[in-house]
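Each chain, written out:
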Amino acid sequence: MSGLQNRSSQLLKYTRLFNNGSITRLTSSTAKSSAEVIQREKKVSANNYDPSPVVITRGEGIFMWDVEGKKYYDFVGGFATLNQGHCHPKIIKAMTDQLNKLHHTSRAIFHDSLYELNEFLTKQFDYEKVLNMNTGVEGGESSIKIARKWGYRVKKIPQNQAQVVFAHGNFWGRTIAAISASTDPISFDEFGPHVPGYQIVPYDDLGKLEQALRNPNVCAFMVEPLQGEAGAVVPTLGYLKGVRELCTKYNVLWIDDEVQAGLGRTGKMLAVDYENVKPDLLILGKALSGGVYPISAVLGNSEVMDVLTPGTHGSTYGGNALACKVALASLDVIISEGLVENAFKMGEIFRSELTARLNKDKVVQVRGRGLLNAIVLNTKGVSNVYKLNNELKSNGMISKPIGSGALRFSPPLIITEAQLREGIDIIVNTINDFKN
């Protein structure tokens, strides 16, 4: 049988299976336990994640339930996407209403939802233009493209000589462009050649930053106002103001990566609001989606954003109708339900209680802002952070190990004080009772 005949035969076979319901039966046989789910997933999935051994089947508010019915406090919050909690009814309603009306057109034509979102974003954050994308890493790559083109068009950098500066410890995704800026060997090694034109400076070091920005070929400095994946690293007060002053002094665009820290997570709408400074480009993502449907956005003023012209950038799904309605509902929940203020208040309680109550032989530091926090462990007192993370899971809490010596906590911003204190009790009792 020829290759073409073989493929035709297979297509006919699968068509018949689909028509009689066999495909549904083949793909929907339900696993009966967490162990079976994990075994089946590992067999057919790429090995690029090492999840905690828990299998979640339902979420509501700040809680999740596994397939055996056990309830957990979600203190990961979908990597800070679930600021509004699991299955928020206002967001789910906005999504289902739009699904029944229009979900996608492509940007080859207009639809009647994009302008609504972008008008809201520009007014809320005081920018003139929005570039709509899908994921945080796309927001980062888009910002770099904009900055490079601005560098050539406006700053008059010689062609192909533009430099972008990043901070040590940054994390903004896993694409080739993103890992080329990484200082994490796991992200960086064996994926080269890497993107040229990048330079790394220490985080929270204005002196080293100024040295780098003196290079007239630098078009942008991209930095997180609080480093999330590095373990909720908070810069010294005055650092962000200094970044703004240096970028202005040397005619360099400041790209503010608020994909994780933004939209209320740190107790301010934006983390840069702690120092009342305004970046040239602002990247939003994660919680803009309500944890429901991917969407990201890059915001800037016309003198920067207008370097993009038709055909210079795009995205098939970027700015689709469904994402726009979900984002509008997600923003509405953050603002109308006071989640920014709640994050600030709950964060103060969280860090204060843990600092006072955790065993100092096991914990070196509790740090963070709002509800993006980390516990830095004394590795002599806690030699295996993954074992500790599993103990927390056994005690009803989902958390996230950071490297070999820290745990990160980012619960939904809807958490009440009573729920927070119950979570604190789990953390304190688990760590203080932990045995290596």
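Below is a short write-up of the structure. This one's a predicted model, so the numbers in the text were calculated from it and none came from an experiment.

## So, the overall build of the protein chain
Consideration 1: The secondary structure content of the protein chain amounts to 16 helices and 15 strands.
Consideration 2: A compact globule built from 436 residues would reach a C-alpha radius of gyration of about 22 Å, and the protein chain, at 23 Å, matches this within 12%.
Consideration 3: The burial tally for the protein chain puts 50% of its 436 residues in the buried class.
Consideration 4: The contacts in the protein chain between residues at least 6 apart in sequence include a share of 71% that link residues at least 24 apart.
Consideration 5: Put simply, the protein chain shows about 20800 Å² of open surface, and 53% of that area lies on carbon and sulfur atoms.
Consideration 6: Charge centroids of the protein chain, computed over 48 positive and 43 negative side chains, lie 5 Å from each other.

## Comments concerning the sheet that holds strand β5 (residues 163-167)
Consideration 1: The seven strands lie next to each other as β4-β10-β9-β8-β7-β5-β6, forming an open sheet whose pairing is mixed. What marks the edges here is a single partner per strand, and that holds for β4 (129-133) and β6 (198-201). Adjacent strand axes in the sheet meet at a mean angle of 20°, parallel and antiparallel pairs treated alike.
Consideration 2: Bridge analysis of β5 against β6 gives four bridges, and the strand direction is parallel. Looking at β6, one finds that Phe-166 is bridged to Ile-200.
Consideration 3: With respect to the sheet, helix α6 (residues 114-125) is in contact with β4, β9 (281-284) and β10 (296-300), its orientation differing from that of β4 by roughly 125°.
Consideration 4: Of the strands in this sheet, β7 (218-223) and β8 (253-257) touch helix α11 (residues 239-249), which is tilted by about 150° from β8.

## Let's talk about the packing of aromatic side chains
Consideration 1: Evaluated as defined, the whole model comprises nine aromatic pairs.
Consideration 2: Seen in terms of ring centroids, Phe-75 and Phe-350 are 6.4 Å apart; in terms of plane orientation they differ by 45°. Their pairing is tilted. Here Phe-75 is found in the loop between β3 (71-74) and α4 (77-80), whereas its partner Phe-350 is found in helix α14 (residues 339-357), with 275 residues between them in sequence.
Consideration 3: With a centroid separation of 6.4 Å and an interplanar angle of 80°, the aromatic rings of Phe-75 and Phe-409 are classed as edge-to-face. With a gap of 334 residues between them, Phe-75 in the loop between β3 and α4 and Phe-409 in strand β15 (residues 406-409) connect regions that are remote in the sequence.

## Quick word on the state of the cysteines
As used here, a disulfide is simply a covalent bond connecting the sulfur atoms of two cysteines.
Consideration 1: Scanning the entire structure with this criterion turns up zero disulfides.
Consideration 2: Take Cys-219: it sits in no disulfide, and the sulfur closest to it among the cysteines is that of Cys-247, at 11 Å.
Consideration 3: The class of Cys-219 is buried, set by a relative accessible area of 0%.

## So, helix α16 (residues 417-432)
Consideration 1: Compared with the 22 Å implied by 1.5 Å per residue over 16 residues, the 22 Å span of α16 between its first and last C-alpha is a close match.
Consideration 2: Taken residue by residue, α16 has Leu-420, Gly-423, Ile-424, Ile-426, Ile-427, Val-428, Thr-430 and Ile-431 as its buried positions.

## A look at the nonpolar core
Consideration 1: Of all hydrophobic cores here, the largest spans 83 residues; its most connected members are Leu-121, Phe-125, Leu-213, Phe-221, Ile-375 and Ile-427.
Consideration 2: It is helix α13 (residues 321-336) that contributes the most residues to this core, nine residues altogether.
Consideration 3: With sequence-adjacent residues up to four places away left out, Leu-121 is seen in contact with Asp-126, Val-130, Leu-284, Leu-288, Ala-297, Leu-299 and Leu-331.
Consideration 4: Of all hydrophobic cores here, the second largest spans 29 residues; its members include Ala-147, Ile-157, Ala-177 and Leu-281.

## Side note on the pattern of salt bridges
Consideration 1: Counted under the stated rule, the structure contains 16 salt bridges.
Consideration 2: The partner of Arg-214 in a salt bridge is Glu-210, and the shortest N-O contact between them spans 4.0 Å.
Consideration 3: According to the relative accessible area criterion, Glu-210 is buried, its value standing at 18%.
Consideration 4: Of the charged contacts, one joins Glu-353 and Arg-357 as a salt bridge, the two residues approaching to 3.7 Å between their closest N and O atoms. Taken together, the positions of Glu-353 and Arg-357, both in helix α14 and four residues apart, correspond to about one turn of that helix.
Consideration 5: Overlapping salt bridges, with partners in common, bring together Glu-353, Arg-357, Glu-417, Arg-421 and Asp-425 in one network.

## Some thoughts on the packing of helix α5 (residues 89-99) against α13
Consideration 1: Across the interface, α5 lies against α13 with an axial gap of 9 Å and an inter-helix angle of 160°. Classified by the angle their axes make, α5 and α13 are roughly antiparallel. For the pair α5 and α13, the crossing hand works out as right-handed. From α5, Lys-90, Ile-91, Ala-94, Met-95, Gln-98 and Leu-99 reach across to α13, where they touch Ala-321, Leu-322, Lys-325, Val-326, Ala-329, Ser-330, Asp-332, Val-333 and Ser-336.
Consideration 2: Taken together, the residues that form the contact of α5 with α13 break down as nine nonpolar, three polar and three charged.

## Examining the environment of Ala-162
Consideration 1: With respect to the helices, strands and loops of the structure, Ala-162 is situated in the loop between α7 (136-153) and β5.
Consideration 2: A relative accessible area of 5% means that Ala-162 is categorised as buried.
Consideration 3: Spatially, the C-alpha atoms of Ala-162 and Gly-140 are 16 Å apart, while their sequence positions differ by 22 residues.

About the cut-offs
Residues numbered from 1 in each chain as written. Predicted model: local features only at pLDDT ≥ 70, side-chain atom pairs only at ≥ 80, totals over all residues. Heavy atoms only, no water. Helix = DSSP H or I, 4+ residues; strand = E, 2+ residues; numbered from the N terminus. Rg over C-alpha atoms; globule rule 2.2 N^0.38 Å. Buried < 20%, exposed > 50% of the residue type's maximum accessible area, 1.4 Å probe, protein only. Contact = heavy atoms within 4.5 Å. Areas by Shrake-Rupley, 256 points an atom, 1.4 Å probe, with all protein chains shown as cover. Lys, Arg positive; Asp, Glu negative; His and termini not counted. Charge placed at Lys NZ, Arg CZ, Asp CG, Glu CD. Pairing = 2+ DSSP bridges. Axes fitted to C-alpha atoms, helices over the stretch in contact; angles between N-to-C directions. Phe/Tyr/Trp six-rings, centres within 6.5 Å; stacked < 30°, edge-to-face > 60°. Disulfide = S-S within 2.5 Å. Expected span 1.5 Å × (residues − 1). Core = buried A, V, L, I, M, F, W, Y, C linked by side-chain atoms within 4.5 Å. Salt bridge = Lys/Arg side-chain N within 4 Å of Asp/Glu carboxyl O. Parallel < 35°, antiparallel > 145°, perpendicular 65-115°, else oblique. Left-handed = near helix turned anticlockwise from the far one by under 90°. Nonpolar A, V, L, I, M, F, W, Y, C, P; charged D, E, K, R; others polar.

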